[in-house]
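Report on the structure
Here are the chains, one letter per residue:
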Amino acid sequence: MRITGIIAEYNPLHNGHRYQLQQARAASHADLVIVCMSGNYVQRGEPAILDKWTRAQLALSNGADMVVELPFASAVQPADRFADGAVKLLAALGCQTLAFGSEYPTFDYQQVGQQILALKAKSQTFIDYQKTYATQLNEFYQAELNLNLDQPNHLLGVSYAVANAQLEVPMQLLAIKREQAQHGDQTIGAGQFASASAIRQAATKGDDWAQLAPVMPHSTLTALQTQSHLDWDQLWPLLKYRIESTPLAQLRQIYQMSEGLEYRFKKVIHSVNRYAELLQALKTKRYTYARLQRVCLYVLLNIQQTDIEQSLEQRSIHLLGFNQVGQAHLHTLKKTLDQPLISKVSAKLGAEEGPLGLEVRVDRLQEQFGWQSQNFARQPIFNQRKDDEHC
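All of the points below concern the structure found in this document. (Residues numbered from 1 in each chain as written. Predicted model: local features only at pLDDT ≥ 70, side-chain atom pairs only at ≥ 80, totals over all residues. Heavy atoms only, no water.)

**Here we look at the pairing of strand β2 (residues 32-38)**
A regular strand places its side chains so that they alternate between the two faces of the sheet. The buried count for β2 comes to seven of seven residues, which makes it a mostly enclosed element. Alternating residues of β2 divide into Leu32, Ile34, Cys36 and Ser38 and Val33, Val35 and Met37, and every residue in both groups is buried. Where strand β1 (residues 3-8) meets β2, six bridges bridge the pair, whose relative direction is parallel. Each bridged residue has a counterpart across the sheet, and for Ile6 the counterpart in β2 is Val35. Handedness of the crossover joining β1 and β2 through helix α1 (residues 15-28) is recorded here as right-handed. (Buried < 20%, exposed > 50% of the residue type's maximum accessible area, 1.4 Å probe, protein only. Helix = DSSP H or I, 4+ residues; strand = E, 2+ residues; numbered from the N terminus. Pairing = 2+ DSSP bridges. Right-handed = clockwise from strand over helix to strand, strands pointing away.)

Encoded structure:
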């Protein structure tokens, strides 16, 4: 069986994602497409606009054969750690090809991944506190390999390539050209493609659904219209309280709260009244907005180093959904997989020390805002695949 993997957030799933699923299947001649999808929080430190079960259903309805959850400990991380967790998970599930969107589809990611891996030791010596780690890393790659990581998907593609090069049996990398909309576009233009950022902005306003209809499957549009959305504006009072009420020594224990960043949090928190103002007050040349957003999420959820380490050590795979093709592969996996494949979250699995303990804990926040149970009493989605569905 030819198996292709895709790493995604689907925040939310739009026509560009559906196009990528179709192209990945066709270009790799895949019998099975597995999506490794972030759970209820995404890489830039934000709640997903739709819950993980809805997004898994949308993926299955638009070209995926199986969807598994990328754990919080890997999903809410910088590009290199995000890629490392997702690539390892897809490799464990038997994927031979990894497909991803890119602004540079002819770029030789396979070769560059091997080259960067050989230079990796040098990249760990950056000490310029006036620049972000990403800036220093890009400068290093430019100097050593004449490589400019100037586009978000290009950076992710290279991160996938480096993680892939570390596998005992690397996957074949398949870059698929992004069509029309660029990653950070903030407006929806003419045509059938728009960026997820522009879609989220329009959906949050909720005053022009006709503008959104051409750029996404009808099922996504319906989900956005009927489900509640959770964003940082709603979470701001909780975050402000957490920062104000947490002693400095405890704040220092928050994951990625390094280089005295906890003092900046305490210094500015009483002078800001909105989440956006907090980010602006915290921003320096040393920190990207993405990193600050992730740290804010870690503070809100009280995520510490031990939480991340324990989750990564568990190495479990949470199955969100599949069709009959995915089901056939699951029967094979049960005989060969060397880590737990979880289809139902029991009290033991979701306990504090259990393999899904962190997922249960962080997902309770969404449940407090009216979302359905995100772990307990949930079964994987079974989506009947039609014979002509992926033609």
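Structure shown, so let's carry the discussion forward.
**Let's talk about the packing of aromatic side chains**
A complete count under the given rule lists 10 aromatic pairs for this structure. The interplanar angle of 85° and the centroid separation of 5.6 Å between the aromatic rings of Tyr41 and Phe72 together place this pair among those described as edge-to-face. Of this pair, Tyr41 sits in strand β3 (residues 41-42) while Phe72 sits in helix α3 (residues 72-75), and the two are 31 residues apart along the sequence. Here Tyr41 falls in the buried class, since its relative accessible area comes to 2%. Relative accessible area serves as the criterion here: at 4%, Phe72 is assigned to the buried category. For the pair Phe72 and Tyr298, a centre-to-centre distance of 6.5 Å together with 75° between the ring planes defines the contact as edge-to-face. In this pair, Phe72 sits in helix α3 while Tyr298 sits in helix α15 (residues 289-301), placing the two residues 226 residues apart along the sequence. Through successive ring pairs, a cluster of aromatic residues spans Tyr41, Phe72, Tyr255 and Tyr298. Seen from the ring of Tyr289, Lys283 lies directly overhead, with NZ or CZ sitting 5.5 Å from the centre. (Phe/Tyr/Trp six-rings, centres within 6.5 Å; stacked < 30°, edge-to-face > 60°. Lys NZ or Arg CZ within 6 Å of the ring centre and 35° of its normal.)

**Quick word on the nonpolar core**
Nonpolar side chains in soluble globular proteins generally cluster together in the buried interior. Phe72, Leu98, Leu239, Phe265, Leu278, Cys296 and Ile303 are the most contacted members of the largest nonpolar core, which totals 82 residues. Looking at this core element by element, the count peaks at eight residues for α15. If we ignore the near neighbours within four places in the chain, the residues touching Phe265 are Ile243, Leu251, Met257, Leu282, Val295 and Cys296. Counting 36 residues, the second largest nonpolar core, distinct from the first, contains Leu13, Ala99, Ala202 and Ala203. (Core = buried A, V, L, I, M, F, W, Y, C linked by side-chain atoms within 4.5 Å. Contact = heavy atoms within 4.5 Å.)

**Here's the deal with the pairing of strand β6 (residues 97-102)**
Within β6, six of the six residues are buried, which leaves the element mostly enclosed by the surrounding structure. Alternating positions in β6 separate into two faces, Thr97, Ala99 and Gly101 on one and Leu98, Phe100 and Ser102 on the other, with burial throughout. Bridging between β1 and β6 involves three bridges; their strand directions are parallel. In the strand pairing of β6, Thr4 is matched with Thr97. Alignment of β6 against strand β7 (residues 172-177), held across six bridges, turns out to be parallel. Bridge pairing links Phe100 to Ala175 in β7.

**Thoughts on the environment of Glu46**
As for its placement among the helices and strands, Glu46 is situated in strand β4 (residues 46-47). Separated by 21 residues in sequence, Glu46 and Val67 have C-alpha atoms that sit 21 Å apart. Non-local contacts of Glu46, meaning those with residues more than four positions away in its chain, are made with Asn40, Tyr41, Trp232, Gln293 and Leu297.

**A few points about helix α11 (residues 232-245)**
With 14 residues, α11 should cover 20 Å at 1.5 Å per step; its first-to-last C-alpha distance of 19 Å lies within 8% of that length. Taken as a whole, α11 carries its principal kink of about 30° at Leu238. Those residues of α11 that are buried lie in contact with β4, α13 (261-268), α14 (275-282), α15 and α18 (357-368). In this structure Asp231 caps α11, since a side-chain oxygen of it lies 3.1 Å from the backbone nitrogen of Asp233. (Expected span 1.5 Å × (residues − 1). Bend = angle between axes of the 7 residues up to and from the residue. Polar contact = N/O pair within 3.5 Å; in protein donor to acceptor, adjacent residues only side chain to side chain.)

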